[in-house]
Amino acid sequence: MPKNITVFTTNTCGYCLMVKKWLSAKGHTYEEVNLDTNPVRQQEAIALSGQLSVPITVITKQDDSKEVVIGYNPAKLAPAVA
Amino acid sequence: MTKAELHDVVMVGAGPAALAAALYTTREDIDTVLYEKGVIGGLAAITDWVDNYPGFPDGLAGLDLSEKLQKQAERFGADIRLGAVLKITDKGEVKELETTDGLIQAKTVLIATGSDYKKLGIPGEEEYYARGVHYCATCDGAFYREKRLVVVGGGNSAVQETIFLTRFASHIDLLVRGDTLRASEVLQQELKKYSDKVAVHFNTTTQKIVGKDNKVTGVQGVSTKNGKNVNFETDGVFVFIGLLPNTSFLEGSGIALDDIGMIRTGDNLETSMPGVFAAGDVRSGATMQIASATGEGATAALMIRKYLEPHTH
Ligand SMILES: Cc1cc2nc3c(=O)[nH]c(=O)nc-3n(C[C@H](O)[C@H](O)[C@H](O)COP(=O)(O)OP(=O)(O)OC[C@H]3O[C@@H](n4cnc5c(N)ncnc54)[C@H](O)[C@@H]3O)c2cc1C
């Protein structure tokens, strides 16, 4: 189980909704950072992912290492949150 | 190995076509499972606004419509699973589907996999993917507040998404290969309202996406009128040049496709594999609208019911 999970989203992004649905379906809780309501955190999202795209999921593991998953990609999310 | 579970119908995709079909089949007590590899709601979920779906006089957000379609299908028992179907094999009475969760069997199958964005296939496109080159305005548009953008395309999607992107961008160059827009008249009129922000460049092909320090800086094109190079300074590029049917997973299945890879069906929406039906954007002859996709979904469901009748005795 990861220590915590943060999902960067925007209001209109369907793939963001899927990441949230997927995490909930697998029993994970997460913090959501909505870049439409919180645009000041955009630079942080870009720095974490190197991309100009949401969703960005940041998984902080028990040893405080971080894994970043870009987009809605269950094949990458599953091992990252295991 | 445990025996694969068997369902009355497995639907591939959970876009408007499949969600409408599932609403119909579940209301008939037909046990229905859907597999969705992307977004529930399909392309409708990544469209920012829908003005032409009957019953919503003020229009509604694509994501909102998708949620409503999903809720209505689930209300009657549709089982939507997050995963992809990788292969369909005809085993006679049943069809076997290989999915990302393992094997599953079905008496009937509905393929409603829609289509995906076409790529330009030009230098710089792969290199700057998601770092300046995008195919989803509702996902990535927000990164371009007060920035310059290039949009490539001249159809409904390109014009609709250009209008959406004016919320964020300071200026948009819309590059159109032909000498007219193929978008509907309504959308063209709407676009005119944004002429202070949007410059439309006809007869302009897109040749190369260029960048510096990991960032897109411009697009190189050619004017088909005089063969001269034209350059557009930009922070990002959104590409909407049409769609490709999601049928590559059917290769080798024996399901007949037309020459652009869309699924051929008869009048009853059945494919060349008995018991396997197709509906929506993926079907050869589809009119690529949400209303027609849901209509075809309803028709396919009734055909599936008919097909299942003699098979249930
Ligand atoms: C930018 C844009 C704007 C649009 N605006 C409008 C509009 O205003 N009004 C309108 O009527 N129409 C509009 N459309 C068209 C409309 O979105 C489509 O006609 C409609 O979504 C088609 O529905 P569908 O169910 O056939 O396919 P889709 O919506 O494409 O859904 C198919 C689903 O199948 C899934 N899938 C594919 N392969 C597999 C697999 N192997 N396993 C599991 N799942 C799979 C996909 O992930 C997808 O979610 C727009 C389209 C675009 C791109």
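Moving on, we get to the state of the cysteines. Scanning the entire structure with this criterion turns up two disulfides over all chains. Covalent S-S linkage joins A:C13 and A:C16, the inter-sulfur distance amounting to 2.1 Å. The disulfide joining A:C13 to A:C16 has a torsion of about 95° about its S-S bond and is therefore right-handed. Judged on exposure class, the residue A:C13 and its partner A:C16 are both buried. Here B:C136 is linked by a disulfide to B:C139, with a sulfur-sulfur distance of 2.3 Å. Here B:C136 and B:C139 share a disulfide; its torsion about the S-S bond, 65°, makes the bridge right-handed. Taking relative accessible area as the criterion, B:C136 reaches 9% and is therefore assigned buried. On the basis of relative accessible area, B:C139 is assigned to the buried category, the value being 2%.

Residue and element names in this part refer to chain B. Spatially, three strands are ordered β14-β15-β16 in an open sheet, and the strand pairing comes out antiparallel. Each edge of the open sheet carries a strand with a single partner, namely β14 (204-212) and β16 (229-233). Strand after strand, the sheet turns through a mean of 25° between neighbouring axes, direction not considered.

Residues and elements named next belong to chain B. As assigned here, chain B comprises domain 1 (5-116 + 244-312) and domain 2 (119-239). For domain 1 versus domain 2, the separation of C-alpha centres amounts to 32 Å. A buried area of about 410 Å², summed over both sides, lies between domain 1 and domain 2, and 43% of it is on carbon and sulfur atoms. Looking only at domain 1, the three residues that lose the most surface to domain 2 are I46, T47 and D48, adding up to 86% of its buried area. In this assembly, domain 1 and domain 2 are joined by one salt bridge. Salt-bridge contacts for D48 lead to R167; the nearest nitrogen and oxygen are separated by 3.1 Å. Applying the counting rule to domain 1 against domain 2 returns three residue pairs in polar contact (both at pLDDT 80 or more).

The next point concerns the sheet that holds strand β11 (residues 148-152) of chain B. Residue and element names in this part refer to chain B. Taking strand neighbours across the sheet as the criterion, the five strands line up as β10-β17-β11-β12-β13 in an open arrangement whose pairing is parallel. The sheet is open, and its two edges are formed by β10 (133-134) and β13 (198-201), each paired on a single side. Looking at chain direction, β11 and strand β12 (residues 171-175) are connected through five bridges and run parallel. Bridge assignment links V152 to a residue of β12, and that residue is L175. Of the strands in this sheet, β11, β12, β13 and β17 (236-239) are in contact with helix α5 (residues 156-165), which crosses β11 at around 170°.

What follows concerns the site of the ligand. All names here are of chain B. Within the structure, the ligand sits among 34 residues, and E36, L43, N52, D281 and I290 are positioned closest to it. Separating an oxygen atom of the ligand from a backbone N or O atom of V39 is a distance of 3.3 Å. In the environment of the ligand, a nitrogen atom lies 3.0 Å from a nitrogen or oxygen atom belonging to the backbone of V85. Protein chains shield 94% of the accessible area of the ligand, which is 1,000 Å² for the free molecule. Every element with two or more residues in the shell around the ligand is listed here: α1 (16-27), β2 (32-36), α2 (42-45), β9 (115-117), α5 and α7 (290-311).

The subject of this paragraph is the packing of α1(B) against helix α3 (residues 62-75) of chain B. Residue and element names in this part refer to chain B. At a minimum axis distance of 8 Å, the contact between α1 and α3 shows a crossing angle of 25°. With respect to α3, the element α1 is oriented roughly parallel. Of the two possible hands of crossing, α1 and α3 adopt the one that is left-handed. Residues P16, L19, A22, L23 and T26 of α1 lie in contact with α3, whose contacting residues are S66, L69, Q70, Q72 and A73.

Walk down a regular strand and you will see the side chains alternate between the two sheet faces. Residue and element names in this part refer to chain A. Where burial is concerned, most of strand β1 (residues 4-9) is hidden: five out of the six residues are buried. Sheet topology places β1 next to strand β3 (residues 56-60); five bridges connect them, and they run antiparallel. If you follow T6 over to β3, its bridge partner there is V58. With four bridges joining them, β1 and strand β2 (residues 31-34) adopt parallel strand pairing. By the bridge assignment for β2, F8 is matched with V33. Remark: the β1/helix α1 (residues 14-25)/β2 crossover connection has right-handed handedness.

The rules we used
- Residues numbered from 1 in each chain as written.
- Chains lettered and ligands numbered in written order.
- Predicted model: local features only at pLDDT ≥ 70, side-chain atom pairs only at ≥ 80, totals over all residues.
- Heavy atoms only, no water.
- Disulfide = S-S within 2.5 Å.
- Buried < 20%, exposed > 50% of the residue type's maximum accessible area, 1.4 Å probe, protein only.
- Pairing = 2+ DSSP bridges.
- Helix = DSSP H or I, 4+ residues; strand = E, 2+ residues; numbered from the N terminus.
- Axes fitted to C-alpha atoms, helices over the stretch in contact; angles between N-to-C directions.
- Domains from an automatic or database assignment.
- Buried area = accessible area lost by both parts, 1.4 Å probe.
- Salt bridge = Lys/Arg side-chain N within 4 Å of Asp/Glu carboxyl O.
- Polar contact = N/O pair within 3.5 Å; in protein donor to acceptor, adjacent residues only side chain to side chain.
- Contact = heavy atoms within 4.5 Å.
- Near = heavy atom within 4 Å.
- Areas by Shrake-Rupley, 256 points an atom, 1.4 Å probe, with all protein chains shown as cover.
- Parallel < 35°, antiparallel > 145°, perpendicular 65-115°, else oblique.
- Left-handed = near helix turned anticlockwise from the far one by under 90°.
- Right-handed = clockwise from strand over helix to strand, strands pointing away.

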